[in-house]
Amino acid sequence: MPILKTARLTDDGKAISLMFENRDILRFHGIWLRDNARDPETISSLNGQKLITLADIPEELFMSEALVKNDTLSITFMPENKTVSYPAGWLLSNCYDQKNEEERVELWASELGDAIPTVEYSAYQKNDEILQNWLSDFCRLGFARLINGPTRPQSLLNVIRRFGYVRETNYGIWFDVRSEVKPVNLAYTGLGLQAHTDNPYRDPVPTLQLLYCLENTVEGGESLLVDGFMAAARLRENSTEAFRLLSSYNTRFAYEGEEGVALRSKRPMIELDPEGKVIAVRFNNRSCAPLVDIPFEEMPAYYDAYRAFGKIIDDPEMAIKFKLEAGECFLVDNTRILHARTEFSGTGKRWLQGCYADKDGLLSRLNALEMKKGEAA
Ligand code: FE2
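Residues numbered from 1 in each chain as written. Predicted model: local features only at pLDDT ≥ 70, side-chain atom pairs only at ≥ 80, totals over all residues. Heavy atoms only, no water.

## Points about the overall build of the protein chain
Stated precisely, the cut-off is as follows: By definition, any uninterrupted DSSP run of H or I lasting at least four residues is a helix, any uninterrupted run of E lasting at least two residues is a strand, and each is numbered from the N terminus. Relative accessibility thresholds used throughout: buried, under 20% of the residue-type maximum; exposed, over 50%; partly exposed, between the two (1.4 Å probe, protein chains only). Only the protein chains shown count as cover for residues, with accessible areas throughout obtained via the Shrake-Rupley method and a probe of 1.4 Å. His is not counted, nor are the chain ends; Lys and Arg add positive charge and Asp and Glu add negative charge. Where a charge sits is defined by one atom per residue type, namely NZ (Lys), CZ (Arg), CG (Asp) or CD (Glu).
Looking only at helices and strands, one finds 9 helices and 22 strands in the protein chain. Taken along the three principal axes of its C-alpha coordinates, the protein chain extends 85 × 60 × 45 Å. By the burial criterion, 46% of the 377 residues in the protein chain qualify as buried. Accessible area of the protein chain: about 19,600 Å², with a carbon and sulfur share of 50%. Of note, the protein chain has its 44 positive side-chain charges centred 3 Å away from the centre of its 56 negative side-chain charges.

## As for the environment of Arg-336
Selection rule: What makes two residues a contact is simply this: any of their non-hydrogen atoms within 4.5 Å. As used in this structure description, the phrase polar contact means that two N or O atoms lie within 3.5 Å; if the pair is within protein, one of them must be able to donate a hydrogen and the other to accept it, and residues adjacent in sequence are counted only when both atoms belong to side chains.
Relative to the helices and strands, Arg-336 resides in the loop between strand E19 (329-333) and strand E20 (337-341). A relative accessible area of 2% places Arg-336 in the buried class. Each C-alpha atom of the pair Arg-336 and Arg-178 lies 25 Å from the other, and the pair is 158 residues apart in sequence. In contact with Arg-336, other than residues within four places in its own chain, are Val-105, Glu-106, Leu-107, Trp-108, Cys-139, Arg-140, Leu-141, Gly-142, Val-226, Asp-227, Gly-228 and Phe-229. Only 2.7 Å separates the side chain of Arg-336 from the side chain of Asp-227, close enough to count as a polar contact.

## Structural notes on the side chain of Arg-162
By the secondary structure assignment, Arg-162 is in the loop between helix H5 (155-161) and strand E9 (166-167). Polar side-chain contacts of Arg-162 include one of 3.0 Å to the side chain of Asp-128. Setting aside its immediate chain neighbours within four residues, Arg-162 contacts Tyr-124, Gln-125, Lys-126, Asn-127, Asp-128, Leu-131 and Arg-365.

## Things to note about the domain arrangement of the protein chain
For the record, the criterion: Domain start and stop positions are those given by an automatic or database domain assignment.
By the assigned domains, the protein chain splits into domain 1 (4-93) and domain 2 (110-368). Computed over C-alpha atoms, the centres of domain 1 and domain 2 are 45 Å apart.

## Digging into the packing of aromatic side chains
Which entries qualify depends on this criterion: Two aromatic rings from Phe, Tyr or Trp, using only the six-membered ring of Trp, form a pair when their centres are within 6.5 Å; if the ring planes differ by under 30 degrees the pair is stacked, by over 60 it is edge-to-face, and anything between is tilted. We count a charge as sitting over a ring when the NZ of a lysine or the CZ of an arginine lies within 6 Å of the ring centre and within 35 degrees of the ring normal.
Applying the stated criterion across every chain, the model contains 15 aromatic pairs. Measuring from centroid to centroid gives 6.3 Å for Tyr-171 and Phe-175, while their planes differ by 70°, and the two rings are edge-to-face. Classification of Tyr-171 by relative accessible area gives partly exposed; the value is 24%. Taking the relative accessible area as the measure of exposure, Phe-175 reaches 16% and is therefore buried. Geometrically, the ring pair formed by Tyr-201 and Tyr-255 is stacked, given 5.3 Å between the ring centres and 25° between the ring planes. With Tyr-201 in the loop between strand E10 (175-181) and strand E11 (208-216) and Tyr-255 in strand E14 (residues 250-255), the pair connects residues that are 54 residues apart, well separated along the chain. Members of the aromatic cluster, joined through ring pairs, are Phe-28, Trp-32, Tyr-86, Trp-90 and Tyr-96. Above the plane of the ring of Phe-322 lies Arg-145, whose end atom (NZ or CZ) is 5.1 Å from the centre.

## Structural notes on the coordination of the iron ion
What counts, and what does not: With water excluded from the atoms, a metal site may look incomplete; its donors are any N, O or S atoms within 2.8 Å, or within 3.2 Å for Na, K and Ca.
Bound to the iron ion are the protein donor atoms His-196 (NE2), Asp-198 (OD) and His-339 (NE2), situated 2.1 to 2.2 Å from the metal. Each donor residue of the iron ion lies on the same chain, and together they follow the pattern H-x1-D-x140-H. The buried category is assigned to His-196, whose relative accessible area is 4%. What makes Asp-198 buried here is its relative accessible area of 10%.

## Some words on the environment of Tyr-165
Structurally, Tyr-165 is set in the loop between H5 and E9. By relative accessible area, which is 68% here, Tyr-165 ends up exposed. Linking Tyr-165 and Leu-362, residues 197 residues apart in sequence, is a C-alpha distance of 8.6 Å.

## Things to note about helix H4 (residues 128-141)
Stated formally: Here the expected length of a helix is defined as 1.5 Å per residue gap, with one fewer gap than residues.
For H4, built from 14 residues, the straight-helix expectation of 20 Å at 1.5 Å per residue is met to within 8% by its first-to-last C-alpha distance of 20 Å. Listed in full, the buried residues belonging to H4 are Leu-131, Gln-132, Trp-134, Leu-135, Phe-138, Cys-139 and Leu-141. The opening residue of H4 is Asn-127, an N-cap whose side-chain oxygen sits 2.8 Å from the backbone nitrogen of Glu-129. Note on H4: the residue one or two positions beyond its end, Gly-142, has a positive phi of about 85°.

## Structural notes on the sheet that holds strand E5 (residues 72-78)
Note the threshold: Here, a strand pair is defined by DSSP locating no fewer than two bridges between the strands. Angles run from 0 to 180 degrees between N-to-C directions of axes, and those axes are lines fitted to C-alpha atoms, restricted for helices to the stretch in contact.
Across the sheet, 3 strands lie side by side as E4-E5-E6; this open sheet has antiparallel pairing. The sheet terminates laterally at strand E4 (62-69) and strand E6 (82-87), the two strands that pair on one side only. Between one strand axis and the next, the sheet turns through 20° on average, direction left out of account. Here E4 runs beside E5; their pairing, made up of 7 bridges, is antiparallel. Among the inter-strand pairings, Lys-69 is bridged to a residue of E5, identified as Thr-72.

Structure follows, in structure tokens:
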């Protein structure tokens, strides 16, 4: 890490310019530095939580002195006459003057093929490093798989408990996805399902879904995954207008299939952050409610855009397929990855158990494992 060489106050002490050994110059504002001071009156040494509000910092704040010594910056803030120190490493890792690209996401299509992140169930349960790598692969690709796990019902709960918490819904803590093809009924075909995200009628949507296979002796019945962020990127490439329509108008989703349940949501099919980056995809033909948020003039074009997005999602070039065997499971980021089941037929049984969970616990676990590893290094 480059060493901090000099500090120069600018803008009447409202800002500071830091020069590093490698000649990189980073600028910070006095108000930002004061708000993020690391002293025990500003931030709790017990839990790292902030002890002041912005109202506790004088509006007329300026920096009167800046000193660099031993790779540490010391600043005196006026009118408080308060001196605070900042390690250079902390300033570098929290700077906002240079674009901070902390991009874990890697878009994929069918070429991903055999590179599906896969780990043995027992290693996942026992070894923190293996868990960390699996969670990290999950964040990069939006899904990950475990193999050679137990075939006991409810084993899926132990997969989630390793990093977070199950989200209980009206479907229960977990639910069965069970289909039987009886020999007397050979003509019966298990219908394939179009790739979809689960439960878009919830707000907030469950951000993780786990599907765990306990039995799968049918022909077909493969799992299929599509990267929704890749689909959105392709739509944007093909037609900025279609992308605009799906990202700027709300879609409605609803589920009222049980007594006492009336789940409804109003969200865009492609959700963007303030920088225009895709942060969530919702796509599920079975739970679409009448669209009422699109102006009359734009409705035909909206349907064209919806159709175009569906075509990209249905394109075999977009999907990876694998058959879940008994004792195998996969976890998907339900804000990004669409999942489907291919048709199945013949004799046999297909029994999966599913549950929902959320990414906050998963990301917290991953961050904590990475911090622990960083400290040990
Ligand atoms: Fe589903």
